[in-house]
Amino acid sequence: MKRSLPDETATIEFGRELLDALPDNLAGWTILLSGELGAGKSTFARALIRAAGHDGAVPSPTYTLVEPYHLARGNIYHVDLYRVSDEEELRYLGWNELDDGCRLVEWPDRAPGLTSQADLSLTLRYDGDGRVAELAGLSDRGHGIVLRLSQFTD
Ligand SMILES: Nc1ncnc2c1ncn2[C@@H]1O[C@H](COP(=O)(O)OP(=O)(O)O)[C@@H](O)[C@H]1O
Ligand SMILES: [Mg+2]
């Protein structure tokens, strides 16, 4: 499913929309956020985390690798793998323990093995002054979410 995002507000709105389409209990969901630097991965993640009830800063996890949020609908873990060069490093950041929440992963290409464990893949691309988003389901329940969201587009 493709969605045109002409400005930052559209990216934020799409983040909220995705959160609304997810089940109440976010535990165990993994969402991959791909796209080059400045494409809007963090903007999208921040919007989703704020829509889930967090109202404070959403710092970049570039150095900490994981920023946790404990929210009414469950935990959200904002993960940034930019600095990860070896899939083994996932174990050191405690990846497996993050399955009690929703993992939002920037730079998932650093750990290609994640694709088989993930539910959704969002790719953001530059498109003139704006962006275009492509959301794909990677699991059965992920496909279900894409279908739900597609009903509101086109
Ligand atoms: N749909 C959009 N159109 C134009 N600019 C956008 C859009 N979405 C986000 N932006 C802007 O692009 C930049 C994206 O930065 P960021 O979210 O940190 O990207 P990334 O995490 O992918 O490196 C921000 O300056 C944001 O305001
Ligand atoms: Mg980022």
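Residues numbered from 1 in each chain as written. Chains lettered and ligands numbered in written order. Predicted model: local features only at pLDDT ≥ 70, side-chain atom pairs only at ≥ 80, totals over all residues.

Participant: Got a minute to help me understand the overall build of the protein in this structure?
Facilitator: Scanning the protein for helices and strands turns up four helices and seven strands. For the protein, the succession of helices and strands along the chain, N to C, is β-α-β-α-β-β-α-β-β-β-α. Over its C-alpha trace the protein gives a radius of gyration of 14 Å, about what one expects of a compact globule, namely 15 Å for 154 residues. For the protein, the spread of C-alpha atoms along the principal axes amounts to about 40 × 30 × 30 Å. Classification of the 154 residues of the protein by burial places 34% in the buried group. Taking contacts inside the protein between residues at least 6 apart in sequence as the whole, the part at least 24 apart equals 67%. (Helix = DSSP H or I, 4+ residues; strand = E, 2+ residues; numbered from the N terminus. Rg over C-alpha atoms; globule rule 2.2 N^0.38 Å. Buried ≥ 20, exposed ≤ 12 C-beta atoms within 10 Å, placed from the backbone. Contact = placed C-beta atoms within 7 Å.)

Participant: What is the right way to read the nonpolar core from this model?
Facilitator: Across soluble globular proteins, you tend to see nonpolar side chains buried next to one another. Formed by 34 residues in total, the largest nonpolar core has its most connected members in Ile31, Leu104 and Leu122. Put simply, the parts of the chain that give this core at least two residues each are α1 (8-21), β2 (30-34), α2 (41-51), β4 (74-80), β5 (101-106), β6 (120-127) and β7 (130-137). A per-element tally of this core places α2 first, with five residues. With residues up to four places along the chain from it excluded, the contact list for Leu104 reads Ile31, Leu33, Ala45, Leu48, Ile76, Tyr77, His78 and Val79. (Core = buried A, V, L, I, M, F, W, Y, C linked by C-beta atoms within 7 Å.)

Participant: Just to check I follow, could you spell out the site of ligand 1 for this structure?
Facilitator: Close to ligand 1 lie 15 residues, the nearest being Leu5, Thr11, Lys41, Ser42 and Thr43. Looking at the shell around ligand 1, the elements with two or more residues in it are α1, α2 and β7. Taken together, the residues of the shell around ligand 1 break down into four nonpolar, seven polar and four charged. (Near = placed C-beta within 6 Å. Nonpolar A, V, L, I, M, F, W, Y, C, P; charged D, E, K, R; others polar.)

Participant: How should I be thinking about the pairing of β5 in this particular structure?
Facilitator: Two faces make up the sheet, and in a regular strand the side chains alternate between them. Of all six residues in β5, six are buried, a share of seventy percent or more. In terms of strand pairing, β2 meets β5 through four bridges, oriented parallel. Counterpart to Thr30 in the pairing with β5 is Arg103. Bridge count for β4 against β5 is six bridges, and the pairing is parallel. Counterpart to Val79 in the pairing with β5 is Val105. (Pairing = 2+ DSSP bridges.)

Participant: Even after reading the chapter, I still don't get the pairing of β2, so can you show me in this structure?
Facilitator: Across the five residues of β2, four count as buried, placing the element largely inside the fold. Note that β2 and β6 share four bridges and pair parallel. Considered in β6, the bridge of Ser34 is made with Thr123.

Participant: Quick question: what am I supposed to make of the sheet that holds strand β3 (residues 66-71) here?
Facilitator: What holds strands together in a sheet is hydrogen bonding between their backbones, with the strands either parallel or antiparallel. An order of β1-β7-β6-β2-β5-β4-β3 is seen for the seven strands of this open sheet, with the pairing classed as mixed. Edge positions in the sheet fall to β1 (2-5) and β3, since each has one partner strand and no second. Pairwise comparison of adjacent strand axes, ignoring direction, gives a mean angle of 20° for this sheet. Where β3 lies against β4, six bridges are found, and the strand directions are antiparallel. Its bridge partner being in β4, His70 is matched across the sheet by Asn75. Here α2 sits on the sheet and contacts β2, β3, β4, β5 and β6; the angle it forms with β5, its principal contact strand, is near 165°. Against the sheet, helix α4 (residues 140-150) touches β6 and β7, its axis set at about 135° to β7. (Axes fitted to C-alpha atoms, helices over the stretch in contact; angles between N-to-C directions.)

Participant: Explain the environment of Gly38 to me, please; I cannot follow it from the model alone.
Facilitator: Structurally, Gly38 can be placed in the loop between β2 and α2. Measuring from C-alpha to C-alpha, the distance between Gly38 and Val66 comes to 19 Å, with 28 residues separating the pair along the chain.

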